[in-house]
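Chain residues, written in single-letter form:
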Amino acid sequence: LQIQQALHEALDKEYFSLRFQPKFYGRDGALAGAEALLRLNHPTLGLLSPAEFISIAERNGQIVPIGYWVVREACRQIRRWQAAGLKTTKVAINLSPRQLAQPDLLETIQEIVHAERMSPEKIMFEITETAAMHDVRRTAETVHAFQKCGFEVAIDDFGTGYSSLAYLQRFRVRQLKIDRFFVDGLDAHDSEGTAIVAAIIKLAHSLGMNVVAEGVETESQREKLEALRCDQLQGYLLGVPLTPDAFGVLLGGPG
Ligand code: G
Ligand code: G
Ligand code: MN
Ligand code: NA
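The structure displayed is predicted, hence computed values, not measured ones. (Residues numbered from 1 in each chain as written. Chains lettered and ligands numbered in written order. Predicted model: local features only at pLDDT ≥ 70, side-chain atom pairs only at ≥ 80, totals over all residues.)

## Describing the overall build of the protein
Then, number 1: Secondary structure summary: the protein contains twelve helices and nine strands in total.
Then, number 2: For the protein, the C-alpha radius of gyration of 18 Å lies close to 18 Å, the compact-globule estimate for 255 residues.
Then, number 3: Across its three principal directions, the C-alpha atoms of the protein cover 50 × 45 × 35 Å.
Then, number 4: Out of the 255 residues in the protein, the part that is buried amounts to 38%. (Helix = DSSP H or I, 4+ residues; strand = E, 2+ residues; numbered from the N terminus. Rg over C-alpha atoms; globule rule 2.2 N^0.38 Å. Buried ≥ 20, exposed ≤ 12 C-beta atoms within 10 Å, placed from the backbone.)

Here it is, written out as structure tokens:
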């Protein structure tokens, strides 16, 4: 109930902020993009992580206006980096199932991006595999419509849902993010964990997708992922979610 109350106030009182976690190319370690991650900084409850409030906002529908705030704020932050003379990178925004179910989702996002004078090429959206599989046909249409407007789309948390691999090709997304559960499996003593990650990477490549490994925490995971030709890496080993200013340093700004 406290969190619900906090959510009610958060948009008006500007308690939300964004962190940006870097994604790096496996090949040369160059910056590949950023994932925007929402934070709620409440005066009495403290800094709340989405794990604590996204599911509540998802259930009561508040995720819809909150999600539009995230899109607007991401656009504004890209402009702030640009205004500071920094080279910017593509920013990924998470979309939850309730957001995906909005019939005017793309239209509203386009209005926001246009009003903020931002190019859709600067933004991508992450849809979890579970949300994507909920209605395969609708998701395929949504992905297509987003891409037609210039937004890139990724499938997030891949491997945790009950995906039929055959459906993957119907989405035609550019990016597949392997859930960190499988990245953890790379450090197992048997070779099965590695075989599974190798298979996912091969499948994605054969469908013309690039692959991001999430939750990379150890040097041995990084080495294995590079050997398996994983395109991009994301995780605490390489970079935690950063404040906009701290992320600016990765964009070439003053440290
Ligand atoms: O940042 P953290 O690891 O605590 O995020 C936990 C979960 O919340 C992740 O599954 C992430 O995708 C989700 N999440 C983070 N920011 C957003 C957001 O802006 N919108 C939505 N819908 N989910 C988010
Ligand atoms: O579901 P999604 O992939 O959007 O979740 C992103 C969440 O994962 C963020 O909240 C982020 O804080 C968290 N995260 C990012 N890197 C790591 C990592 O290396 N290890 C763990 N355990 N969590 C991570
Ligand atoms: Mn994500
Ligand atoms: Na994920």
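So, next bit.
## Things to note about helix 3 (residues 63–83)
Then, number 1: The first and last C-alpha atoms of helix 3 sit 30 Å apart over 21 residues, in line with the 30 Å expected at 1.5 Å per residue.
Then, number 2: For helix 3, every residue scored as buried is listed here: Ile-63, Ile-66, Gly-67, Val-70, Val-71, Ala-74, Cys-75, Gln-77, Ile-78 and Trp-81.
Then, number 3: Looking one or two places after helix 3, you find Gly-85, whose phi comes out positive at around 80 degrees. (Expected span 1.5 Å × (residues − 1).)

## Let's talk about the pairing of strand 7 (residues 175–178)
Every regular strand shows the same layout, with side chains that alternate between the two sheet faces.
Then, number 1: Where burial is concerned, the two faces of strand 7 agree: the one with Gln-175 and Lys-177 and the one with Leu-176 and Ile-178 are both buried.
Then, number 2: Relative to strand 7, strand 6 (residues 152–158) runs parallel, the two being bridged by three bridges. Each bridged residue has a counterpart across the sheet, and for Ile-155 the counterpart in strand 7 is Leu-176.
Then, number 3: Examined bridge by bridge, strand 7 and strand 8 (residues 210–213) share four bridges and lie parallel to one another. (Pairing = 2+ DSSP bridges.)

## Quick look at the confidence of the model for the protein
Then, number 1: Per-residue confidence for the protein averages 95 on the pLDDT scale, and 100% of its residues sit at or above 70.
Then, number 2: As a predicted assembly, this complex carries a pTM of 0.97 together with an ipTM value of 0.97. (pLDDT = per-residue confidence, 0-100.)

## Some words on the site of ligand 2
Then, number 1: Surrounding ligand 2, one finds 13 residues, the nearest of these being Asn-94, Gly-215, Glu-217, Gly-235 and Tyr-236.
Then, number 2: Counted by class, the shell around ligand 2 contains four nonpolar, four polar and five charged residues. (Near = placed C-beta within 6 Å. Nonpolar A, V, L, I, M, F, W, Y, C, P; charged D, E, K, R; others polar.)

## A few points about the site of ligand 1
Then, number 1: As a matter of local geometry, ligand 1 sits amid 13 residues, with Leu-37, Leu-38, Pro-50, Asn-94 and Ser-96 nearest to it.
Then, number 2: Elements supplying a minimum of two residues to the shell around ligand 1: strand 2 (31–42), helix 2 (50–60), helix 3 and strand 4 (91–95).
Then, number 3: Of the residues assigned to the shell around ligand 1, the class counts are nine nonpolar, four polar and no charged.

## Here's the deal with the nonpolar core
Then, number 1: Ala-74, Ile-93 and Ile-178 are the most contacted members of the largest nonpolar core, which totals 64 residues.
Then, number 2: Ala-74 has contacts with Leu-18, Ala-36, Val-91, Ile-93 and Ile-123, leaving out every residue within four places of it along the chain. (Core = buried A, V, L, I, M, F, W, Y, C linked by C-beta atoms within 7 Å. Contact = placed C-beta atoms within 7 Å.)

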